[in-house]
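Structural description and commentary
Given next are the chains, with one letter for each unit.
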Amino acid sequence: MRSAVEAGCPALEVVGLSVGFDRMNVIERLSFEVAHGSALAIIGPNGAGKSVLAKALIGALPYTGTIRWEANTKLGYVPQKLDIERDLPITGSDFLHAKAAVACASQVDITNALGLVGLKMESVGKPIGALSGGQFQRLLVAAALIGHPTVLLLDEPTAGVDEPGQDTLNATLERLRKERGMTILFISHDLSVVYQHATNVLCLSRGRTCFGVPERVLTPKLLAELYGAPVAYHVHDDLRP
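A brief report on the enclosed structure follows.

Definitions and limits used
- Residues numbered from 1 in each chain as written.
- Predicted model: local features only at pLDDT ≥ 70, side-chain atom pairs only at ≥ 80, totals over all residues.
- Heavy atoms only, no water.
- Helix = DSSP H or I, 4+ residues; strand = E, 2+ residues; numbered from the N terminus.
- Buried < 20%, exposed > 50% of the residue type's maximum accessible area, 1.4 Å probe, protein only.
- Contact = heavy atoms within 4.5 Å.
- Areas by Shrake-Rupley, 256 points an atom, 1.4 Å probe, with all protein chains shown as cover.
- Phe/Tyr/Trp six-rings, centres within 6.5 Å; stacked < 30°, edge-to-face > 60°.
- Polar contact = N/O pair within 3.5 Å; in protein donor to acceptor, adjacent residues only side chain to side chain.
- Pairing = 2+ DSSP bridges.
- Axes fitted to C-alpha atoms, helices over the stretch in contact; angles between N-to-C directions.
- Parallel < 35°, antiparallel > 145°, perpendicular 65-115°, else oblique.
- Left-handed = near helix turned anticlockwise from the far one by under 90°.

1. Some points on the overall build of the protein
Secondary structure summary: the protein contains eight helices and nine strands in total. Each of the 241 residues in the protein was classed as buried or not, and the buried ones make up 44%. In the protein, the proportion of contacts linking residues at least 24 apart, taken out of those at least 6 apart, comes to 66%. Accessible surface, the protein as shown: approximately 12,400 Å² in total, 53% of it carbon and sulfur.

2. Overview of the packing of aromatic side chains
According to the stated counting rule, one finds one aromatic pair in the structure shown. On the basis of an interplanar angle of 25 degrees and a centroid distance of 6.3 Å, the ring pair of Phe32 and Phe211 is categorised as stacked. Of the two residues, Phe32 sits in strand S2 (residues 24-34) while Phe211 sits in strand S9 (residues 208-212), which places them 179 residues apart along the sequence. The class for Phe32 is buried, based on a relative accessible area of 5%.

3. Section: the environment of Thr172
Looking at the element boundaries, Thr172 is found in helix H5 (residues 163-180). Overall, Thr172 belongs to the buried group, its relative accessible area being 4%. Sequence separation of Thr172 and Leu116 is 56 residues, and the distance between their C-alpha atoms is 6.4 Å. Separated by 2.8 Å, the side chain of Thr172 and the backbone oxygen of Thr168 make a polar contact.

4. A few points about the pairing of strand S5 (residues 75-78)
Judged by which residues are buried, S5 turns out to be one-sided: Gly76 and Val78 face inward and are buried, whereas Leu75 and Tyr77, on the alternate face, are not. With four bridges connecting them, S5 and strand S6 (residues 151-155) associate as parallel partners. Note that in S6 the partner of Tyr77 across the bridge is Leu153.

5. What about the packing of helix H2 (residues 92-103) against helix H3 (residues 107-117)?
Packing of H2 against H3 brings their axes to within 10 Å, and their N-to-C directions diverge by 125 degrees. Judged by the angle between their axes, H2 and H3 are oblique. At the point where H2 passes H3, the crossing takes the right-handed sense. On the side of H2, the interface is formed by Leu96, His97 and Ala100, while H3 contributes Gln107, Ile110 and Leu114.

6. What about the sheet that holds strand S1 (residues 12-21)?
Read across the sheet, three strands follow the order S2-S1-S4 without closing on themselves; strand pairing throughout is antiparallel. On the outer flanks of this sheet lie S2 and strand S4 (64-69), each paired with one strand and no other. The sheet shows a mean angle of 25 degrees between the axes of neighbouring strands, direction not considered. The strands touched by helix H1 (residues 50-57) within the sheet are S1, S2 and S4, with S1 carrying the most contacts at an inclination of about 120 degrees.

Everything listed is a geometric property; what it means functionally is a separate question.
Here you go:
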């Protein structure tokens, strides 16, 4: 019997998805597919439902329609904001070991995850409240990588991270996709990063959606229509794929 990848089955299939609150849909009848080993960028103006979609995909919000992950998918998730008090008396290491216990992972897995996001073990030995915003965000990405996920879903993974840290994270995600065949879904406001790293783009906008390769979706005319205002971005020649 052929595997799902060999048979051409998508890593994720979404059909007729609607998600709403108080009888008003934020997302309505959305359909798209994500291929194995691809990188889908989810973009759109504020309030368009990007984080709502991410939470529906992980089963954290009720919805109607179909969300079908490929069998045996192992999902790593990085939220836009973690509902945890930063003054709790736990260290970054405690946090990672708790995730490792749930994922039946080893100390080696923790060390490898930290290396991928550019954090040292001594850095995460501090209380989480003592970590910078960028360190804390990279800690969340490291936690998501523990357990060898086949899919990573990240809601603005570089928020609060300085530019060198952003470059490290983006390069890490690209390497995981290309070298390990990991499927990546990420929400981003940085259209230059989307152009460089995404294989497909899903743009959510009030009453309208668009899906396709970056070259087709990230045009000034279409972006202006979707965002309701002129949107410009620049990709340096040395950053093009």
